[in-house]
Each structure stands twice: as C-alpha cells, then as structure tokens.
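Listed here are the chains, written in short residue letters.
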Amino acid sequence: MLKGKKAIVTGSTSGIGLGVADTLAAQGCDVMLNGFGDADAIEKERAGLAAKYGVTVAYSAADMSKSDEVRAMVGSCASELGGCDILVNNAGIQFTSPIEAFPDDRWDAVIAINLSAAFHAMKAAIPAMKSAGWGRIINVASAHGLVASKEKSAYVAAKHGIIGLTKVAALELGGTGVTSNAICPGWVLTPLVQKQIEDRAEKGGITVAEAQKNLLGEKLPSGQFATPEQIGGLAAFLCSPSADQITGSSYTIDGGWTAQ
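Summary of the structure given here. The model shown is predicted, which means the values in this text are computed figures rather than measured ones.

**Description of the sheet that holds strand S7 (residues 250-253)**
Next, step 1: Within the open sheet, the seven strands sit side by side as S3-S2-S1-S4-S5-S6-S7. Their pairing is parallel. Unpaired on one side and paired on the other, strand S3 (57-60) and S7 mark the two borders of the sheet. Between one strand and the next, the sheet's axes are offset by a mean angle of 20°, whatever the strand orientation.
Next, step 2: Bridge count for strand S6 (residues 178-185) against S7 is four bridges, and the pairing is parallel. Residue Pro185 lies in a different strand from S7, and its bridge partner there is Ile253.

This is the structure in structure tokens:
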C-alpha cells in the first residue's frame, strides 16, 4: 500500500516506534529509524527490516532535544531516501515528581523531546509534503494527552500540547493533501513503562508482577497492554486512501482508559 513512500519514525530503535517502523516497512515504505541505543543492536534492527521487507532502511542518530539535529534528520531523509512523505513523531521520555519538587532540567528535557521536537520536525517536513500534494503527519501522543495523572506534569503538558499542535497543523494544511493526526496509546509494555513498573515495585515493596497488575487495574478496563504492532496498524491506516479525509483527529488505543 505504501510502496515508494518515505517515512521518518522518531524514537524507533525500540518499543512503539520500532513497531510503527516495522508496520510501515511491511507496507513497502522506505523508513528512516531514529533513536539511541547500542550501535550494533540498532544496525541489526536496521538491516533486519531492510532484508525482511525488501525496502531501504536508514538510520539517524539525531538528538531530539536539539532543534538543529531534528532539522538535519529531515534533510537526511530527503537525501538518503529521496523524500519524507510520512513523519511519525514518536520520541519521548518520562520523569515523575510532584510539581513543587520537579527539577527544572527534567521539565525542559521532557518538553524538548516530547513536544518541541515534533514542532521542529513538522516545520522542516511540511514544505516538501505540500509541494508533493501528499503527506502524513502522525504524532504519537498518549492517553495523557487527554487526561492527567499525578506527578507527571511535564509529560501530561507535552502530550496535551502535541494534540493541540496536531489540530493546528490540520487546519493549516487543509486542502493540501497533507493530513495531521494523533495516536493516543494507553499502557504499552515498552522499556519506558517497564521501568515505571519496576520503580513502583521497589517503592511499594511488592513484586514486579504485582506492580504490573496494579498498574493495569488502575487505568485499563481491558486489563491488557496495547502492543506496538497495534499502534503500527493504526498508523498504517492513517496513511491509507481510506484516511484521506481524516485530519485533526486523536485516536485512542487505551483499553478503555479514557472512556471512564
């Protein structure tokens, strides 16, 4: 379905981003991966996707907290893959603390990576998408872009901001063939969430299994994690002709979390 299209997926060396990149590659899309991690492991993922699906897979080590590196990544996608038709802003970090104790540097880092990076990538990618008359911007927000939780002020603020940014882009890009939508996952068992579970277990003096059960029970009526592959499937749909008139929308994959 996406043969010949070119995509950037930020934060795609593991977790949700890797699931989205895998799904887009399976649809014939050339993909630029991005993220941190062990160089050998990243190269293994890159080469594996290319061999599995017969597409071109590139990699950018751009730091999403640095606007110049974000812009350079978009330029690299154009030079290495031949364009940037699909931009998936997925990179994110987390830090938890009450507001009065929240470290200033952690606030700045969360806002920079979870929100500002998406703005800089969109700003760099939109002109070429408009010129081509086709483009897809998919911002991975969160259930926390719709509702809040204690001790996550920076993350919640950034994810609410991502949804607002998504809507503004949809309004500005109306009639251009470029759409802008957000995906709002609930709990997905990524390394970031696994660390939260382990921290809960340590803090509460319980097992990791108990902490995981408690976490799911607090928020998800379904009692189950969403998967990166499910999020990738929604991203692929938003890139399909069936979604040509879907823009400015936010889609939850949260097991009923925000229905409560």
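Moving on from the model shown.
**Let's talk about the nonpolar core**
Next, step 1: With 32 residues, the main nonpolar core has Val20, Leu24, Ile86, Val88 and Ile183 as its most contacted residues.
Next, step 2: At the level of secondary structure, the elements contributing two or more residues to this core comprise strand S1 (6-9), helix H1 (15-26), strand S2 (30-34), helix H2 (39-53), strand S4 (86-89), strand S5 (135-140) and helix H8 (228-238).
Next, step 3: In contact with Val88, not counting residues within four places along its chain, are Ile8, Val9, Thr10, Val20, Leu24, Ile138 and Val140.
Next, step 4: Counting 31 residues, the second-largest nonpolar core is a separate cluster that includes Val70, Met73, Ala117 and Leu165.

**Notes on the pattern of salt bridges**
Next, step 1: Under the defined criterion, the tally for this structure stands at seven salt bridges.
Next, step 2: One salt bridge in this structure joins Lys6 and Asp30, with 2.8 Å as the shortest N-O distance. Taken together, the residues span a long stretch of sequence, with Lys6 in strand S1 and Asp30 in strand S2 at a distance of 24 residues.
Next, step 3: Lys66 is the partner of Asp63 in a salt bridge, and the nearest nitrogen-oxygen pair spans 3.0 Å.

**Focus on the side chain of Asn89**
Next, step 1: Topologically, Asn89 is positioned in strand S4.
Next, step 2: Note on Asn89: relative accessible area 7%, which makes it buried.
Next, step 3: Side chain to side chain, Asn89 and Asn139 meet in a polar contact 2.8 Å long.
Next, step 4: Every residue in contact with Asn89, bar those within four places of it in the chain, is listed here: Thr10, Ala117, Ala118, Ala121, Met122, Ile137, Ile138, Asn139 and Val140.

Rules and cut-offs
Residues numbered from 1 in each chain as written. Predicted model: local features only at pLDDT ≥ 70, side-chain atom pairs only at ≥ 80, totals over all residues. Heavy atoms only, no water. Pairing = 2+ DSSP bridges. Helix = DSSP H or I, 4+ residues; strand = E, 2+ residues; numbered from the N terminus. Axes fitted to C-alpha atoms, helices over the stretch in contact; angles between N-to-C directions. Core = buried A, V, L, I, M, F, W, Y, C linked by side-chain atoms within 4.5 Å. Buried < 20%, exposed > 50% of the residue type's maximum accessible area, 1.4 Å probe, protein only. Contact = heavy atoms within 4.5 Å. Salt bridge = Lys/Arg side-chain N within 4 Å of Asp/Glu carboxyl O. Polar contact = N/O pair within 3.5 Å; in protein donor to acceptor, adjacent residues only side chain to side chain.

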